[in-house]
Amino acid sequence: MAITSLPSSDGQELTILIQGRFDFGAHQEFRNAYERVNSTPQRYVVDLKDTTYLDSSALGMLLLLRDHAGGDSAQIRLLNCNPDVRKILAISNFEQLFKIA
Amino acid sequence: MAERLSILIAEDNAADRMLLSTIVSRQGHRVLTASNGLEAVALFEQERPQLVLMDALMPIMDGFEAARRIKQVAGEELVPIIFLTSLTEGEALVRCLEAGGDDFLAKPYNRVILEAKIKAMDRLRRLQDTVLQQRDLIAMHNEHLLTEQRVAKAVFDKVTHSGCLDAPNIRYLQSPYAVFNGDLLLAAFKPSGGMHVLLGDFTGHGLPAAIGAMPLAEVFYGMTAKGYSLAEVLREINAKLKRILPVGVFCCATVLNISFQRQVVEVWNGGLPDGYLLRGSGERLPLVSRHLPLGVLEPAAFNDKYEVYPLALGDRVFLLSDGVLETCNKLGELFGEERLLEVIAANRHLPALFTEIQQALTHFSGEQQDDVSLLEVSLVDDAELSRPPLAFADNGQSHSLDWSASFEFRGETLRHFNPLPFLLQLLLEVQGLRPQGGALFSVLAELYSNALEHGVLGLDSALKANAEGFAEYYRQRSVRLAALTDGFVRFHLQLLPEGAGGRLIVRVEDSGSGFDPQQVPVEPRDAHSLSGRGLALVRQLSERCSWGDGEPGVRVEFSWLPGA
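Residues numbered from 1 in each chain as written. Chains lettered and ligands numbered in written order. Predicted model: local features only at pLDDT ≥ 70, side-chain atom pairs only at ≥ 80, totals over all residues.

K.L.:
Would you mind going over the overall build of chain A with me for this structure?
P.N.:
A count of helices and strands for chain A gives three helices and six strands. Reading the helices (α) and strands (β) of chain A from amino to carboxyl end gives β-β-α-β-β-α-β-α-β. Relative to the compact-globule value of 13 Å for 101 residues, chain A shows a C-alpha radius of gyration of 12 Å, a close match. Judged by the C-alpha coordinates and their principal axes, chain A covers about 35 × 25 × 20 Å. Put simply, chain A has 101 residues, and 35% of those count as buried. Of the contacts made within chain A by residues no fewer than 6 positions apart, 67% connect residues no fewer than 24 positions apart. (Helix = DSSP H or I, 4+ residues; strand = E, 2+ residues; numbered from the N terminus. Rg over C-alpha atoms; globule rule 2.2 N^0.38 Å. Buried ≥ 20, exposed ≤ 12 C-beta atoms within 10 Å, placed from the backbone. Contact = placed C-beta atoms within 7 Å.)

Right under this line is the structure:
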């Protein structure tokens, strides 16, 4: 599991890339990915294209990011979800809180 | 400078012994000497030196035997033994190590090498020491933690299992292994005799996951016992969890409200895998998650919309936690939804399904499951359930017998407020009515929903003739209720002393056109009919039930004798 974050050139958007299992083990690293950046992004992208698995702790971490990014006004997109990940997000009805593509 | 060690030198040759003693004590260590193995062992037991230099060949007891005995006495503590030997052939050196030696030093002695070996052995000795200390510390902490968890678990079980999970229409499987796994099963009778059932799964494991379960269970049991509806219980649980849990901790849950008399089930699923409604006819309806889990949304954004399904005797609802689908086999494959559906499809006898699912899981993974919650609730005849009497918290001294009160609940209020718990609380202040509390609540609930649905909202029960119409009826109900601005439901309550006992007269009227007694069937039309149970039930449960007689609405009476 590896998490990398990449701010856009204008600093408005932060892309967080999650590789491997996204579960409780990723907790600290995921927080670091958005807390330890110099820019103050307006938008966030969580790229799940290399994410093999996502559990309910990961859902909790996404909620933490949402809270960090302004709660109801947060703009967060979850990109490249594979069918398994998409199913987990769907069961929890996270499309009500995040843009899922 | 290394720590000063106490070092035992066992050597039968006096000259060598002297030489070694000098070298070692010049290095700053305390020296003990023995001239044979037996002496060495005795000295070791007495003085417990930290390191031993041991000649291999000695009279009385040789170094090999002495080394074995010293290691045995030392136990877990590492007491390094360096063999002093002029032996050079490999086999002899191996014997030194096999007897428990940690290293050897060839004669003639080299001061520098001896010093280096003592230092190296001292490092090993300290490492072992640290490992042992930490192991003991961990063991102690673990013991402590387990004790705390056992106590917490006992409290947890008291709170969460205070309901009716042991009712004959419920079967469940909950992992007995993990002290806490974040899964939660709750079931409680409503005052009207129906049942609220909840299967929940908190994010995470262990204590953090279990902490949220306590307030959830308190709200669930407290509000259910007072007669609050499913939607109200859900709203309160969500608000409470949102308020007290940190962001990122929430509870996926499916909640059921089963009415045995009306033969319907209301279902709300937020975040759990599909549950299933399985009918005796073989039909299978998925109970799909349509909401965010509990504790995520602010109270104002929370959606309490539930689905309503008619039930027949023997119909079953299956609920499961994601642990069921995520059960792993030896190859790391997940059990998954498809395999579960295959098990359900292969079933020929509904009552056996619960066991079949359990067996399929065990067969698939090759072991008992430790993170699985499975729940089955079936619709049974009301009479098969023995309900506990309603519980009261006061001292039973209140006597209020002679009063009357009228309440009018208008449009705006009817949209959001359920007056039944409030009325029930008021009426159960009357001690004599308490033994009839369940019947009283059922009657009030029937009269209220009749007044609201037919009188105020103008819904037609004829719609409920089949399953689609049934769903349509409840769809219209929620649409019309949401748009409601006027109309009213009135409750007139009158209490009269009667001998040493008393009598309660309740009249319920509404703003509708009033109902036509000609249309009210004396008995439900037939056992499979999806409507028409309400008023028959009221008749059955109240002492007297009438309408007309120059008064609007329906009038019911309950009476009690002294000492009842």
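K.L.:
Hey, could you run me through the overall build of chain B in this one?
P.N.:
Of regular secondary structure, chain B possesses 16 helices and 20 strands. In terms of overall size, chain B is more extended than a compact globule, its C-alpha atoms giving a radius of gyration of 39 Å where 564 residues would be expected to give roughly 24 Å. Dimensions of chain B, computed from the C-alpha atoms along their principal axes, are close to 130 × 55 × 40 Å. Evaluated residue by residue, chain B yields a buried proportion of 38% over its 564 residues. Of the contacts formed within chain B by residues at least 6 apart in sequence, a portion of 68% connects residues at least 24 apart.

K.L.:
Looking at this model, I keep getting lost on the UniProt feature "domain: Response regulatory" (unreviewed entry) in chain B. Mind explaining?
P.N.:
Per the UniProt entry, the sites bearing "domain: Response regulatory" (unreviewed entry) are residues 6-122 of chain B in this numbering. As annotated, residues 6-122 of chain B comprises 49% helix and 21% strand, and the C-alpha atoms at either end are separated by 11 Å. (UniProt positions renumbered as here; feature names shortened; annotations may be inferred.)

K.L.:
Honestly, helix α7 (residues 213-225) of chain B in this entry has me stumped. Any pointers?
P.N.:
Residues and elements named next belong to chain B. Taking 1.5 Å of rise per residue, 13 residues should cover 18 Å, and α7 covers 18 Å from first to last C-alpha, within 8% of that figure. Among the residues making up α7, those that are buried are A213, L216, A217, V219, F220, M223 and T224. An end-on view of α7 places all buried positions within 165° of arc, on one side of the element. At its buried positions, α7 is contacted by α5 (111-160), β7 (183-189), β8 (195-202), α6 (206-211), α8 (230-244) and β9 (251-259). G227 sits one or two positions beyond α7 and adopts a positive phi of about 95°. (Expected span 1.5 Å × (residues − 1). Arc of directions from axis to C-beta.)

K.L.:
Where do I start with the sheet that holds strand β6 (residues 170-174) of chain B in this structure?
P.N.:
What links the strands of a sheet is backbone hydrogen bonding, and the strands pair in either a parallel or an antiparallel sense. Residues and elements named next belong to chain B. Taking strand neighbours across the sheet as the criterion, the five strands line up as β6-β15-β14-β11-β12 in an open arrangement whose pairing is antiparallel. Whereas interior strands pair on both sides, the edge strands pair on one side only; in this sheet they are β6 and β12 (284-287). The mean inter-strand angle of the sheet, taken between neighbouring strand axes irrespective of direction, is 15°. Bridge analysis of strand β14 (residues 316-320) against strand β15 (residues 373-378) gives five bridges, and the strand direction is antiparallel. (Pairing = 2+ DSSP bridges. Axes fitted to C-alpha atoms, helices over the stretch in contact; angles between N-to-C directions.)

K.L.:
I keep staring at the sheet that holds β8 of chain B and nothing clicks. Help me out?
P.N.:
Residue and element names in this part refer to chain B. Strand order in the open sheet formed by five strands is β7-β8-β9-β10-β13, with antiparallel pairing between adjacent strands. Looking at which strands have only one partner, the edges of the open sheet turn out to be β7 and β13 (307-310). Averaged over all neighbouring strand pairs, the angle between strand axes comes to 15°, with direction disregarded. Bridge count for β8 against β9 is eight bridges, and the pairing is antiparallel. Looking at β9, one finds that D201 is bridged to C252. Contacting β7, β8 and β9, α7 runs over the sheet at an angle of about 15° to β7.

K.L.:
For this particular structure, what's the right way to read the domain arrangement of chain B?
P.N.:
All names here are of chain B. Each assigned domain of chain B is listed with its residue range as follows: domain 1 (6-131), domain 2 (161-384) and domain 3 (404-560). Computed from C-alpha coordinates alone, the two centres of domain 2 and domain 3 are separated by 30 Å. Contact residues are listed per partner, giving 14 residues for domain 2 and 18 residues for domain 3. Residue composition of the side of domain 2 that touches domain 3, by class: five nonpolar, five polar and four charged. (Domains from an automatic or database assignment. Nonpolar A, V, L, I, M, F, W, Y, C, P; charged D, E, K, R; others polar.)

K.L.:
Which parts of the structure should I look at to understand helix α14 (residues 437-456) of chain B?
P.N.:
Residue and element names in this part refer to chain B. Taking 1.5 Å as the rise per residue, α14 with 20 residues should run 28 Å; its terminal C-alpha atoms sit 26 Å apart, in good agreement. Here α14 lies mainly inside the structure; 16 of its 20 residues are buried. Positive backbone phi, at 65°, marks G458, one or two positions downstream of α14.

K.L.:
It is not clear to me how the packing of α7 of chain B against α8 of chain B should be interpreted in this structure. Could you clarify?
P.N.:
For any two helices packed against each other, the geometry is given by the interaxial angle and the distance between the axes. All names here are of chain B. Here α7 crosses α8 at 155°, and the two axes come no closer than 10 Å. Classified by the angle between their axes, α7 and α8 sit roughly antiparallel to one another. Taken as a pair, α7 and α8 cross one another with a handedness that is right-handed. Across the interface between the two elements, P215, L216, V219, F220, M223 and T224 from α7 touch E232, V233, E236, I237, K240, L241 and I244 from α8. Residues belonging to the contact of α7 with α8 are distributed by class as follows: nine nonpolar, one polar and three charged. (Parallel < 35°, antiparallel > 145°, perpendicular 65-115°, else oblique. Left-handed = near helix turned anticlockwise from the far one by under 90°.)

K.L.:
Would you explain the pairing of strand β18 (residues 501-510) of chain B in this entry?
P.N.:
All names here are of chain B. Most of β18 sits out of view: seven of its 10 residues are buried. In the sheet, strand β17 (residues 488-498) pairs with β18 via 10 bridges, with the strands oriented antiparallel. Residue pairing for β18: L493 is matched across the bridge by V506. Remark: two residues form the turn of the hairpin made by β17 and β18, two consecutive strands paired antiparallel; G499 in that turn has positive phi of roughly 60°. By the bridge criterion, seven bridges tie β18 to strand β20 (residues 551-560) in an arrangement that is antiparallel. Looking across to β20, one finds that R503 is bridged to S559.

K.L.:
Explanation requested: the nonpolar core in the structure shown.
P.N.:
Nonpolar side chains tend to gather and get buried jointly when the protein is soluble and globular. All names here are of chain B. If you look at the biggest cluster of nonpolar residues, it comprises 96 residues, and the most contacted ones within it are L216 and F220. Ignoring anything within four residues of it in the chain, the contact list for L216 reads L184, G200, I237, L241 and C251. F441, L452, L457 and L504 belong to the second-largest nonpolar core, a separate cluster that totals 34 residues. (Core = buried A, V, L, I, M, F, W, Y, C linked by C-beta atoms within 7 Å.)

K.L.:
Any chance you could explain the UniProt feature "modified residue: 4-aspartylphosphate" (unreviewed entry) in chain B here in plain terms?
P.N.:
Residues and elements named next belong to chain B. UniProt feature "modified residue: 4-aspartylphosphate" (unreviewed entry): in the numbering of this structure it lies at D55. You can see D55 is positioned in strand β3 (residues 51-55). Apart from residues no more than four positions distant in its own chain, D55 is found in contact with A10, E11, D12, G63 and L84.

K.L.:
So what exactly am I meant to see when it comes to the packing of α5 of chain B against α7 of chain B here?
P.N.:
All names here are of chain B. Packing of α5 against α7 brings their axes to within 9 Å, and their N-to-C directions diverge by 25°. In terms of orientation, α5 lies roughly parallel with respect to α7. At the point where α5 passes α7, the crossing takes the left-handed sense. Seen from α5, the contacting residues are F156, V159 and T160; seen from α7, they are A213, M214, A217 and E218. Classifying every residue of the contact of α5 with α7 gives five nonpolar, one polar and one charged.

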